[in-house]
Each structure stands twice: as C-alpha cells, then as structure tokens.
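Understanding the architecture of this molecule
Each chain, written out:
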Amino acid sequence: MERVNFRSIEKKWQKKFSSSKLTNSKGKKFYCLEMFPYPSGKIHMGHVRNYTIGDVIARFKYLNGYNVLHPMGWDSFGLPAENAARLNNLSPIDWTNSNIKTMKTQLKLLGLSIDWDLEISTCDEDYYKHQQSLFIDFYNSGLVSRKETYVNWDPIEKTVLANEQVINGRGWRSNAVVERRKLSQWFFNISQFSDELLEDLEKLDGWPQKVKLMQKNWIGKSYGCELNFKIQNSSDQIKIFTTRPDTIFGATFIALSPDHFLGHQFKNNVEFIKFKKECSKTGTTEEALANADKIGFKTNLFAEHPFNKEIKIPIYFANFVLMDYGNGAIFGCPAHDQRDFDFAKKYKLPIIKVVSDGNKEHDKMKLIEAYTGVGKMINSSFLNGLSIEEAKIKIIEKVKELKIGGKKTLFRLKDWGISRQRYWGCPIPMIYLEDGSCVPVDKKDLPIKLPPDINLNSPGNPLDHHPTWKNTKDSKTGKPAKRETDTLDTFVDSSWYFLRFCSPKFKKEAFDNEKVNYWMPVDQYIGGIEHAILHLLYSRFFMRAIKVSNTNVNCSEPFQNLFTQGMVCHETYKDKNGNWLYPNEIKKIKSNSAIKISDNSKVTVGPIESMSKSKKNTIDPEEMIEKYGADSVRWFILSDSPPEKDIQWSDTGVAASSKFLQKIWNLNQVIMSNKSKSTNSADEKKFVEKIDLYILKITELINNFQFNVAVAQFYEIYKFFNNHLQKNIRKETLISNIEKVMRLMIPFTPHLANECLEVLNSKNTDKWPKANKELLNNLKINIVVQVNGKTRDVLQMENNTTEKEITKTVLSNLKTSKFLSDKKIVKTIFVKNRIINYILN
RNA sequence: GCCCUCGUGGUGAAAUUGGUAGACACAAAGGACUUAAAAUCCUUGCCCUUUUGGGAGUGCCAGUUCGAGUCUGGCCGAGGGCACCA
C-alpha cells in the first residue's frame, strides 16, 4: 500500500489555506482569538498548543456555518529587542522584523486557518499612531494622570526596573543594590473603574472561575472604617483606615508610613533621616517587603483615644505601613493583629485583649500570638459583650455621631503605572511647554515616531539621551517644547489589539466603530494562565475607557469566553558536571536513566518541568514537524491531556500519533479499493447509527474543549471501521461514512483530512457532518441490572422498555435469575433507560 | 499567614454530572506473522479460583443514599494565586 508523504501533502494544503478565509457571509459572527506572540525568535511548543487549540475552534465554528474572524499579529515592542540589539549590534526593529518573518513561516507550517491579511505588529507606526491617539483621548477624558510613585531604581543603569528584573534586591544586569526611589510617572486611572471591573466579573459566565477569582482578589475590595485621631497639643489629625474598628479599645499605638505627611515635622531629625534611609533600602518587590523585619521610629507625639481622652496613644513611624493603601496610617491593636503584635513585642508596647474566645482562663493568660478568631468583646467599655460584627456596627455609628469618620470601602487595585524609561516602546504623546505645563501632542502630528538612530549602550533613558529627538515645538504657539521621553508599558499595546484586528487597515482612527460593533466581543479568547490578571484586567479597563470618549462603541467586556491552556512540559537532563542538556543531546536507556550521546557519560534524569530555554528541556516544533508532519504534532498536542492542564511532551507519543494518522490514510485506501458486498440491511443500519453517534459525541466534546476525549473517539472509530470491513456493508456506505469521519477530522488534522476528502471526491469539505437524530431514538439501550446495588448484568433493550418487561428478561436469564430465585424482592429501583436495582433483604 | 484548585492502574487520562470505574493512548510482559529483524496484529494487567465465576478497589476516616470517583464533614498530600493591604 502506498504510504502517505505527510510533508508533501502538507505543503500542498498550506498553499490553499493561506489564501482561503473562514467566511460564511450568511452565518453568525464568531471572533476566535489566541493571545498574539512576542516575536522572540522562534515559535515554541507553548505557541503550538495555543494556536492548535485556537485553530480547532476556528475551523469547527466555520464548518458549522459561522462567519469566523481568526487573525494573528505580533506583540512586538519590548525589552528583549533592546537587549538583543545591544548584544548583536543590530537595530531593535531589524531584529524584531526578522524574528517575525521566521515565526510567521513557522506558524504557516502548522496549517493554521489564520487570515494573514489582517496581520498587525504593535511596533509598526500604523499601529502605535492610533495608540497615541487613544492615549490623548484618555487624557482628555481625565483617565490619565501624572503622579509621584516609588519605583525600583538601578543606580548603575540609571533606569527603572520592573519587579521581575530585581533579583535578590539587585539589578538583574548591573548587580547593583536596587533603591526605592520616588519618580514622576504617567498613570492610567484604572482604579476609577474598580467597582465596575469587580462587579462585571459576575457577568463573565464564559470565564474560568479561577481567573475571575484571581481578578477579584487583585481588585481587593474591603469594607472598614475611616477615623480621625486628634494629636495632643496640636491641631493636626491623623486619618486612619481599619477593617477592625471593633478593636479600637485595644489600640496601643499608631503607626504611620515613613512617607506620611507628618514626617515633615522630623525632616531635620537625624534619627528619623536614618530610619527613612533604612526603609528605602528595601526594594518595592513583594518578596522583599514580606521578608523585611519590622522597624519603627518613635516620635514624641501622642494621639487621643477617640472614646477616652485619658488614654494617650504613642505615635510611631513604621516600615510595614504602606503609603498607597488607606491613608498611610493605622492604629495598632497587638492582641488581634499579628503584624501589630510583632511590632509591639519589639518596642515593648502594651498588649490589651479586647476579643475573648469565651474561655475565661484564656482571657487572663498572656498571648503568644495575635488572636484573630471570633468571640465577644471585653475590656471595651460600651462594646463589652457584643460580637465582633455587632461591635463594628456600633463603633461606626459612634464615629459618625462624633463626626470623626465613618464607613469606608477600599480597593487594593492601584492605578496602572505606564511610564517606562525605554527605547523600544510606544512614545507617550505629551510635550512640556516652556512654562512648565504639559499638554498632549496635536493629533495631526501623530505618530510620534521613534528615532532610528539610537544609542542603547549608555545607561539611562535612551530617548532622553538622544541629541535632538526631544526638541519640538508647540503646534499651537510655535514655541519650543520638549517631548516626553518615557515610552508606554507594552501591556498597553496588547490592551486593544483585538479591536484593531476588526479593521486592521483603517487609517482614520484606531478602529472602525461599525466593524468593532459587529465583531466584538471576542467570542473565544485562548491563551496562557500567566495573563490571568494583568493583561485581561487592562484589556477590560481599555474597553471601558474607550467607551468614555467614544460613545458609539457598544461592547464593554472584550472577551466573552476565555480558555486558559496548560503548559507544555518535558523531562530535564543534567550531565555529570551539573550542566543542563537538551533532549537531543542524550539517549534514554530506561525510563529513569540516560547517557550523553557525545561521550556516553551518565546523565541525571530530572523532574518534568515546563519547557524553558534556561533548563534546555525544549523541543523545537519545526524539527518535530520536519520529522513527523504538522498533523501529527497537532494530533499529539491535542491527545492525552485535557487542554487546560499541563501536557508532557513525549517522543513515543508523537511517533504513535504519526502512525495512527498513517493508518487513517491506509483505511481510506482500503475502503476505496474495497469490493462491493451484498448488503445485510440490519448490519448496515447499525453501522450508520454508530457513526451518527460518534458525530454527536465529537461535536459535543469539541464544544466542551475536551479535545483529548474527542481524539480517543477517532481511535475507536478506526477500530470500528476495521471490524466492519469484512461485514456485509456496501462500499458506498463505507465511503459515505468515512467521508463524514474525515470531515470530523478537519479541525484536528486539516491537511490529512482534506487530502483524504479529495481522494474520496467529497463535495462537502466546508460543512460539518449532520447526524440523523431520528435514527438514534430507535437505538438499543444498555440497561444495568443490579442486585443490592451490585452490577450483575447489562441488557441491551429497546428505548423506553418498561420495568415489567425488564424484570421478565432478568428472571428468564440464568446469569441474573440465580441471584433472585428463592429470594424476596423488598424494593425495586428503576430509572428508565438506565438501571434497575433489586433490593433483597 | 489568607484564598483557590486538584488527589482514579507503571504513566497521561476517561466516566452519560449520583447509575457498568479505568474508554483511548503511552510504557511493560507474553504471543502471532517472519529464517531473523523492523513493521503490523492479538492477548494480559489487583486478590481468590484450572475455567465459568467471585471479591476488594478512585489519598485516608466517617456520613447521606437502593447505589458515591462524583454529594456532606474531618484529616493527609500536591499544585496555584495573593501577601506587612490595616
């Protein structure tokens, strides 16, 4: 039999795919989008998985009559281009574009149904011009602000570092100790939408619960009480926020953030300056903060207890109080908050219990840690005896009466800092005038282009160092002005690309409203879980921000359905010197031992981890496609593991996939060369019914993203066909049914399926097969027969067989009757078309 | 520390959503074909029984139910998110 040459049929079909679109002009729209890649150089298995899943959905929807939008583009601004440029003495744009070229060719090898006419790249002027325009719209709508904020400052590179660039408190490249430094930065006022972003999560039925929960926690809404403490012998007040106002009588100190305005009073105090310096040494990373020791600075100030003027509360500055949450001030109740407890221990402050767990003995004992559980109030004046919840309500009432505060809702979500001191990003379209004011660039002057001649080798902000770039003129007055030299965070680029895809060539504006209103929201978005919070939240913000200035846009949630796929993993290998080895440098001996090919030395087989360049446990998709064909790679990556879970790459697995696809090809050949047989209509009817069942099942499985189970159905179908080749089934019937099966395979293995369909002379290569549902109503049904809950037999019965008839059969059947004879049936449980259960004593 | 998710053969997993546990695949062992190998195909997979068959069994312990992988409570373990957020 002729073996199929996957490589040659794939080439043939890829040519056709590249010019065909998934357009059904009469169909309902379906926007299928996968997270677009960063053009890092070559595609990796993670891309293969992401885009294969997307392709299955896009093709499946198209075959079912939908009008499908399936675009692809490049998230092409970002730091790696600058680093690569610096290392290889290239320009970032050349490096980026050459990577795009390579990766595009590679993606095409996968046989994806992408409409490349819609391709966009965020580093193109055609793209970032519109981004600058959107920025100006946001600015004019009051959604942009300029604020001072703390950043990770690398004193050698003279630049701001992202949190992930700070390793153990040091700059990742310079190795300098990173400082906390205050810098004026641009912000998108995402916190204006905190409540909306939180509440609308509930409408997102098509999102994984996990992602919604992560966003919810990130937004972090909390209810509490704001209240003012009067400072003794001063007109100043301290406004604090607390979620535990009930513990007010346990307050033994007040702690202020080192950046609190009261600090001005101590600006000449040597000890305070020293303390502040100590605090600024800790970076801004979560890790650094969490591991930091609690330190404080005791002032000579005291606050009055709001409910008992006799009580004087000492005021401290403390490093664990954050300036950008609440008001940068807290009252410390050491007995019922662990941080306050730690602080009180260190500075020997009193610890007063105000919540009792109900055990009188405990009330007298010294605490060894803060008690944060439930209980009744004690030592709390008018609150005594109340529960925590009752006490909270009462205190808030009192605070309102005294006009010193009230109920308050707070969000953890902070505004989105978008300034980056980088070259390879979208320039922020703002200019500084001679009078010191800052205004947006006139829209007709857009795009503000990046200068091609840039020196990336000196530290600091490259655009700022450019000899001429920042010099410009105010278009209104003609007076000289200076450009903003910061560029935008690359998360901005990916916060609206899905809108651009609706009209990627539209010149006038960022997008054509009509097109956006037709295609948006994205019906299925597919990508990695690592973007669960930031990218998705920012995109949700963008959609809302756009609606503020563009009232013609209807959509406010960009992604109707979200699917987050798992990672691709592989074993790791180390040689005898502890160096990582690539899988193709080793030879497996057994499942847990291997040798290095070059010198036969022993290799340590390590744990299975997600593929990463640093651990060298990567498999090159192009090599795999070369060896096994794209369909085999696609087939393998969809088999075995559910798509939301991590998958383990295995050589034997992909080889087996390839063999199976070869068998499918062979099956088609055998059927075509089959000799027609006389029919047995009963056999044939059963055969067709079974195929119809498979059509229904596979359809449902794809709708549920259970691709691994769908793949298993095809293995069964293959066996099923093989078993029926020798039976009395006409050749036409075999052909018409294998044709249906090949149509079912199009989304999974588009090249092979189309090739087979061509051989079968199919006229329906753009339609999903239909199952005859009426036939299925007459199918025989498996009835499980149980005695005392134990399965004793499975009967094949007609649809809707009655309990009486089944019992008759059961009693006449030796296999089951032996369990029932001479015994009294106490009770019978009967579920139609499912089960019958006889209960004996 | 707080929050969430998940524990099923040697492995990846499936299970009509409370109704035949282990579909399908990988790996392993045995066999068929072959002079041989490769390729291909078949069988097996816990315990008792020669077979027919019977029994146990979805991390552990209890509960609800005619019936629990699935529901409830507790424990143990793994993974993830957040984290001086007051």
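These notes cover the structure that comes with them. (Residues numbered from 1 in each chain as written. Chains lettered and ligands numbered in written order. Predicted model: local features only at pLDDT ≥ 70, side-chain atom pairs only at ≥ 80, totals over all residues. Heavy atoms only, no water.)

1. Focus: the side chain of asparagine 319
Going by this rule: Helix and strand assignments come from DSSP, with helices taken as H or I runs of at least 4 residues and strands as E runs of at least 2, each series counted from the N terminus. Each residue is placed in one exposure class: buried if its accessible area under a 1.4 Å probe, protein chains only, is under 20% of its type's maximum, exposed if it is over 50%, and partly exposed if it falls in between. Throughout this description, a polar contact denotes any pair of N or O atoms lying within 3.5 Å of each other; where both atoms belong to protein, one of them has to be capable of donating a hydrogen while the other can accept it, and for residues adjacent in sequence the pair is counted only when both atoms sit in side chains. Should any heavy atoms of two residues lie within 4.5 Å, those residues are counted as being in contact.
Mapped onto the elements, asparagine 319 comes out in the loop between β14 (308–318) and β15 (329–332). Among the residues examined, asparagine 319 registers a relative accessible area of 18% and is labelled buried. Here isoleucine 295 takes part through its backbone nitrogen, which lies 2.9 Å from a polar atom of the side chain of asparagine 319. Those residues in contact with asparagine 319 that lie beyond four places of it in its chain are Pro258, Phe275, Cys279, Asp293, Lys294 and Ile295.

2. A closer look at the side chain of arginine 634
Position of arginine 634 relative to the elements: it lies in helix α19 (residues 630–638). Using a relative accessible area of 0% as the deciding quantity, one classes arginine 634 as buried. Of note is the side chain of arginine 634, whose polar atom sits 3.0 Å from the backbone oxygen of leucine 110. Here the side chain of arginine 634 touches proline 747 through a polar contact of 2.8 Å, landing on its backbone oxygen. Leaving out residues up to four positions away in the same chain, arginine 634 has contacts with Thr52, Asp55, Arg59, Leu110, Gly111, Leu112, Pro747, Phe748 and Pro750.

3. Some points on the sheet that holds strand β13 (residues 296–305)
Quick reminder of the rule: Pairing between strands is defined by DSSP: at least two bridges between the two strands are required. Interaxial angle, 0 to 180 degrees, is taken between N-to-C directions of lines fitted to C-alpha atoms, where a helix line uses only the stretch in contact.
Reading across from one edge, β13-β14-β12-β15 is the order of the four strands in this open sheet, with mixed pairing throughout. Among the strands making up the open sheet, the edge pair consists of β13 and β15. Adjacent strand axes in the sheet meet at a mean angle of 25 degrees, parallel and antiparallel pairs treated alike. Note that strand β12 (residues 253–256) and β15 share four bridges and pair antiparallel. Looking across to β15, one finds that alanine 255 is bridged to isoleucine 330. Of the strands in this sheet, β12, β13, β14 and β15 touch helix α10 (residues 338–346), which is tilted by about 75 degrees from β15.

4. A look at the pairing of strand β34 (residues 781–787)
Of all seven residues making up β34, five are buried, and the element is well covered by its neighbours. With seven bridges joining them, β34 and strand β35 (residues 790–797) adopt antiparallel strand pairing. Bridge pairing in β35 links valine 785 to aspartate 793.

5. With respect to the protein's contact with RNA strand B
In plain terms, the rule: It suffices for a single heavy atom of a residue to lie within 4 Å of a molecule or strand for the residue to be listed as near it.
Taken together, 53 residues form the shell around RNA strand B, and within it Thr243, Tyr325, Arg339, Glu716 and Asn837 come nearest. The sugar-phosphate backbone supplies 64% of the atoms of RNA strand B found within 4 Å of the protein. Here a phosphate oxygen of RNA strand B sits 2.9 Å away from a polar atom, N or O, in the side chain of glutamine 706. Arginine 792 places a side-chain nitrogen or oxygen 3.2 Å from a phosphate oxygen of RNA strand B.

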